[in-house]
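The primary structure of each chain is shown beneath.
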Amino acid sequence: MLDLLLIVLPVFLVVGAGYVTVWGGLFSDEGTDALMVFTQKFAIPSLLFRAISTLDLGQNFEWALLVSFYTGSLISFTLGTLGARHVFGRPWTDSVAIGFVCLFANSVLLGLPVMESAFGPGSLGPSYAIVSVHAAFCYFVGITVMETVSARGRSPLRVLITVARAMFRNSLMIGVGLGFVVNLTGLPMPEVATDAIDLMARSALPVALFGLGGVLFRYRPEGDAKVIAFICILSLMLHPAIAYGMGRYVMEISDAQLRGAVVTAAMAPGVNSYIFANMYGVARRVAASAVLIGTALTVLTASFWLYLLP
């Protein structure tokens, strides 16, 4: 188990470095914001574009892999929403935001580097297949349910328009979409262009991890402790458990795909969880605290899931 902890620890040390430098005043909030804008709008979309444009879709993009992962996502979202409403007595809008925190695993900033550290760069194909539809799936589910519970008489068409606008303004989805265009059409890319995009992509994960630490410094562990614990159980234990059970015993996916599904599912809620809550002005303290505490706990829980994997 110690060896497994040492595999994931470097990823979280970079996050911790970002946290400590902002806490110590060595790096400003403005600088952190700039890093996150750069990574989320440019570097990570470049990384996803290159990964999807060169991905062997026939080998990695299999429905059984996606079913194994996203079944757990949907169940976690449903239980998170209903639990927040009926167990903790939150309003429906708060409950949907809490459900979204359980839904949106940190598949890119944590999932990819942990997967690469544990199994090497060649293991990332299944992870990229999951990531390619992750933002689209999660935002579609979250925004659709949130707009439905807060529709206030709006027509279904207006709700769908709102969902579509929110999704197609997302930089990550634009990068993924362009990657699919190049992959499926075989559109040739000039070498000078791919070299430039690769330079941008290589900066994505380390810079994003450092920036994530700076962002997490702002998220004080506030809010309802029981709700936060509930979120962490669903996100860090239930979701990967479902991915493991579905992948190994129901869908019978390969060991490589099982690793991608379980490791990605085992990641803490992503910063997008807080962004979603902030977008609607609900459950922000709980979402922020769950991101911070979940990220810290992932050091241990990810090691546990790596221990179980073949």
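Our subject is the structure listed above.
Residues numbered from 1 in each chain as written. Predicted model: local features only at pLDDT ≥ 70, side-chain atom pairs only at ≥ 80, totals over all residues. Heavy atoms only, no water.

## Some points on the packing of helix α7 (residues 125-149) against helix α13 (residues 255-265)
Contact geometry for α7 and α13: axes closest at 8 Å, N-to-C directions at 50 degrees. As the angle between them shows, α7 and α13 are arranged oblique. Considering only the axes of α7 and α13, their crossing is right-handed. Contact with α7, carried on its side by P126, S127 and I130, involves A256, Q257, G260, A261 and T264 of α13 and no other residues of that element. The residue inventory of the contact of α7 with α13, partitioned by class, reads four nonpolar, four polar and no charged. (Axes fitted to C-alpha atoms, helices over the stretch in contact; angles between N-to-C directions. Helix = DSSP H or I, 4+ residues; strand = E, 2+ residues; numbered from the N terminus. Parallel < 35°, antiparallel > 145°, perpendicular 65-115°, else oblique. Left-handed = near helix turned anticlockwise from the far one by under 90°. Contact = heavy atoms within 4.5 Å. Nonpolar A, V, L, I, M, F, W, Y, C, P; charged D, E, K, R; others polar.)

## As for the packing of aromatic side chains
Under the criterion given, the structure shown has 13 aromatic pairs. A centroid spacing of 5.6 Å and a plane angle of 90 degrees characterise the contact between F27 and F210, whose relative ring orientation is edge-to-face. Remark: F210 occurs in helix α11 (residues 204-217) and F27 occurs in the loop between α1 (2-23) and α2 (29-53); sequence separation between them is 183 residues. Relative accessible area serves as the criterion here: at 27%, F27 is assigned to the partly exposed category. Residue class for F210 comes out partly exposed when judged on its relative accessible area of 22%. Geometrically, the ring pair formed by F61 and F180 is edge-to-face, given 5.8 Å between the ring centres and 85 degrees between the ring planes. Here F180 lies in helix α9 (residues 171-185) and F61 lies in the loop between α3 (57-60) and α4 (63-86), a separation of 119 residues in the sequence. The structure contains a cluster of three or more aromatic residues connected by ring pairs, namely F100, F104, Y139, F276 and Y280. (Phe/Tyr/Trp six-rings, centres within 6.5 Å; stacked < 30°, edge-to-face > 60°. Buried < 20%, exposed > 50% of the residue type's maximum accessible area, 1.4 Å probe, protein only.)

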